[in-house]
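Coordinate inspection notes
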Amino acid sequence: SDTHGLHLLVKPAGKYWRGDYRHAGKRKTMALGVYPEVGLKAARERVAAGRGLLAQGQDPMQERAQQKQAQAVAAANSFRAVALDWHAGKAKRWVAVTAAKTLTHLETDVFPALGARPVSAITPPELLAVLRKVEGRGAAYTATRLREICGSIFRFAIATGRATYNPAADLTGTIVKPKVKHRPAITDRREFGAFLRHLQGYGSADRLTLLATRLALLTFVRSQELRYAEWGEIDYEAGEWRVPAGRMKMGKGLSQAHIVPLSQEAMDTFKEIQALTGHPRLVLPSQQGEGRVMSENTIGILLKRMGYKDRQTLHGFRASARSLLSERGWSEAALERQLDHAERDAVVAAYARSQHLDERRRLMADWGKFVAALAAGENGIPLRKLA
């Protein structure tokens, strides 16, 4: 025993500090820690703290229980907990790469500073400090994206009753958005033909990378849509590739797939890839491991090795096709639909995707023939669309 009810309870399993006290006429005993992790001095300080609460008419054990409950509530409502809850819901509608990239941004840049903070207690200056740090390392675009992500998380917290205020809303305009850099793209017909012939005769890359590049320029879909393609999406009989809406940039929240009509040249490329890899599911499998897809840098590295670093990119194939097909007389509406530059409104977008399909089939067939002719070095290609 020590003073003021403090004593050491000795058992075969160990030694435990206990503190006896009376509150509201009842005798109670409070656990104060395990010896020797908690020394005598620390145990006495805990007794003194309890006596202070008793002097104010409070029960130390009840106060401790309330503190533990408050801590548990705070942990459940921490920014990290709410963000992970928000992310789990969003990930069901996102493609895997988007979900992974968003979570990485949060874990790298936001959670270290704000993850343990109660979501309802975070202030605009706190959030701004996090964004400024990201901006300071030259990642202004990432900083603006993080502000949008955090704003969505705070709105989710408000909707679920865990916050009443969105501090991200007060930070609009505080991070200067970087100027949009257009991806390098060859839009001159002669230059594009020279590029196609260079690609066709380039022998310093593996066959799958060359075929993937050819498929990218024949279909001019986005990198994510191309790399995650599966054989179940390809219908040779119908001559089309049905890209799931969830993998399309403009397809979030839609159930309707984006139809990519396939030229004969595109179908021949698909078949050559299928014969080359023999993969049962993935069109462009990675050589780094089972179930993985081709790296997002593979085609870009090839283009750089070919000497097109500042002249042509994978995403730039979209601009090349857009410009060259426009010269050939194809309608802007059909081109916009084929590029998936659709309405952001889900209902309007679902309707718009079915528009211009017949014209888009002819457009893609023309593009395949046009690419083949340029690659063969043919002259006198009609400026207007082919019949």
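Preceding this section is the structure that the text describes.
This section reports on the structure supplied with the text.

What counts and what doesn't
- Residues numbered from 1 in each chain as written.
- Predicted model: local features only at pLDDT ≥ 70, side-chain atom pairs only at ≥ 80, totals over all residues.
- Heavy atoms only, no water.
- Core = buried A, V, L, I, M, F, W, Y, C linked by side-chain atoms within 4.5 Å.
- Buried < 20%, exposed > 50% of the residue type's maximum accessible area, 1.4 Å probe, protein only.
- Helix = DSSP H or I, 4+ residues; strand = E, 2+ residues; numbered from the N terminus.
- Contact = heavy atoms within 4.5 Å.
- Pairing = 2+ DSSP bridges.
- Axes fitted to C-alpha atoms, helices over the stretch in contact; angles between N-to-C directions.
- Parallel < 35°, antiparallel > 145°, perpendicular 65-115°, else oblique.
- Nonpolar A, V, L, I, M, F, W, Y, C, P; charged D, E, K, R; others polar.
- Expected span 1.5 Å × (residues − 1).
- Phe/Tyr/Trp six-rings, centres within 6.5 Å; stacked < 30°, edge-to-face > 60°.

In terms of nonpolar packing, the biggest core is built from 53 residues, with Phe195, Leu226, Trp241 and Trp367 touching the most fellow members. Considering each element in turn, this core owes the most residues, eight residues, to helix H8 (residues 207–219). Apart from the residues within four sequence positions on either side, tryptophan 367 is in contact with Phe192, Leu217, Leu218, Phe220, Ser320, Ala321, Leu324 and Leu325. Core analysis: the next-biggest nonpolar cluster, separate from the first, contains 28 residues, Trp86, Trp94, Ile149 and Ala168 among them.

The next point concerns the side chain of threonine 269. Secondary-structure assignment places threonine 269 in helix H10 (residues 264–277). Other than its neighbours up to four places away in sequence, threonine 269 contacts Leu211, Arg214, Leu215 and Leu218.

Spatially, three strands are ordered S4-S5-S6 in an open sheet, and the strand pairing comes out antiparallel. Here the strands that pair on one side only, and so sit at the sheet edges, are strand S4 (234–235) and strand S6 (258–261). Here four bridges tie strand S5 (residues 240–243) to S6, and the two strands are oriented antiparallel to one another. Paired with arginine 242 across the bridge in S6 is isoleucine 259. Running over the sheet, helix H15 (residues 357–375) touches S5 and S6 and is turned about 40° from S6.

Glancing now at the pairing of S5. Here is the key point about a regular strand: its side chains alternate between the two faces of the sheet. Where S4 and S5 come together, two bridges link them in antiparallel fashion. Each bridged residue has a counterpart across the sheet, and for aspartate 235 the counterpart in S5 is glutamate 240. Between S4 and S5, which pair antiparallel and follow one another directly, the connecting turn spans four residues, one of which, glycine 239, has a positive phi of 70°.

Here the focus is the sheet that holds strand S2 (residues 14–23). Strand order in the open sheet formed by three strands is S1-S2-S3, with antiparallel pairing between adjacent strands. Edge positions in the open sheet fall to strand S1 (6–11) and strand S3 (26–35), since each of these has one partner strand only. On average, each strand axis in the sheet is tilted by 35° relative to the strand beside it, whichever way the strands run. The pairing of S1 with S2 spans six bridges and is classified as antiparallel. Bridging across to S2, lysine 11 finds its partner in glycine 14. Contacts from helix H1 (residues 40–55) reach S1, S2 and S3, with the element oriented near 20° to S2.

This next bit is on the environment of serine 120. Mapping serine 120 onto the fold places it in the loop between helix H4 (96–114) and helix H5 (124–136). Between the C-alpha atom of serine 120 and that of proline 167, which follows or precedes it by 47 residues, the distance is 9.5 Å. When near neighbours in sequence (up to four residues on either side) are disregarded, serine 120 contacts Arg162 and Ala163.

With that settled, consider the packing of helix H3 (residues 79–91) against helix H6 (residues 140–159). Look at H3 against H6: their axes get within 9 Å of each other, and the N-to-C directions meet at 95°. As far as their axial angle goes, H6 and H3 are roughly perpendicular. Together, Phe79, Val82, Ala83, Asp85, Trp86 and Lys90 of H3 and Ile149, Cys150, Ser152, Ile153, Phe154, Phe156 and Ala157 of H6 make up the contact between the two elements. Per-class residue counts for the contact of H3 with H6 are ten nonpolar, one polar and two charged.

Counting the residues in the hairpin turn of S1 and S2 gives two residues. Of the pairings in the sheet, the one linking S2 to S3 comprises nine bridges and is antiparallel in character. Bridging from a neighbouring strand, arginine 22 pairs with arginine 27 of S3. Connecting the antiparallel pair S2 and S3 is a turn made up of two residues, with alanine 24 showing a positive phi of about 55°.

Right, let's get into the environment of phenylalanine 79. Along the chain, phenylalanine 79 turns up in helix H3. Beyond its immediate sequence surroundings of up to four residues, phenylalanine 79 is in contact with Val110, Phe111, Leu114, Gly115, Arg117, Pro118, Val119, Ile122, Cys150, Ile153 and Phe154.

The next thing to look at is H10. The α-helix advances 3.6 residues per turn, and as a result positions three or four apart in sequence lie on the same side. Between the first and last C-alpha of H10 there are 20 Å, a value that for 14 residues agrees with the 20 Å anticipated at 1.5 Å per step. Considered for burial, the residues of H10 that qualify are Glu265, Ala266, Met267, Thr269, Phe270 and Ile273. Those residues of H10 hidden inside the fold are in contact with H8, S4, S5 and H15. Of the residues one or two after H10, glycine 278 is the one with positive phi, at around 65°.

Our next topic: the packing of aromatic side chains. Across all of its chains, the model carries twelve aromatic pairs by this definition. Judged by centre distance (5.5 Å) and plane angle (50°), the ring pair of phenylalanine 79 and phenylalanine 154 falls under tilted. In this pair, phenylalanine 79 sits in helix H3 while phenylalanine 154 sits in helix H6, placing the two residues 75 residues apart along the sequence. Accessibility assignment for this pair places phenylalanine 79 and phenylalanine 154 in one class, buried. On the numbers, 6.0 Å between centres and 35° between planes, the contact of phenylalanine 192 with phenylalanine 195 is tilted. You can see phenylalanine 192 and its partner phenylalanine 195 sitting in helix H7 (residues 189–200), three residues apart, about one turn around the helix. We note that phenylalanine 192, like phenylalanine 195, is buried.

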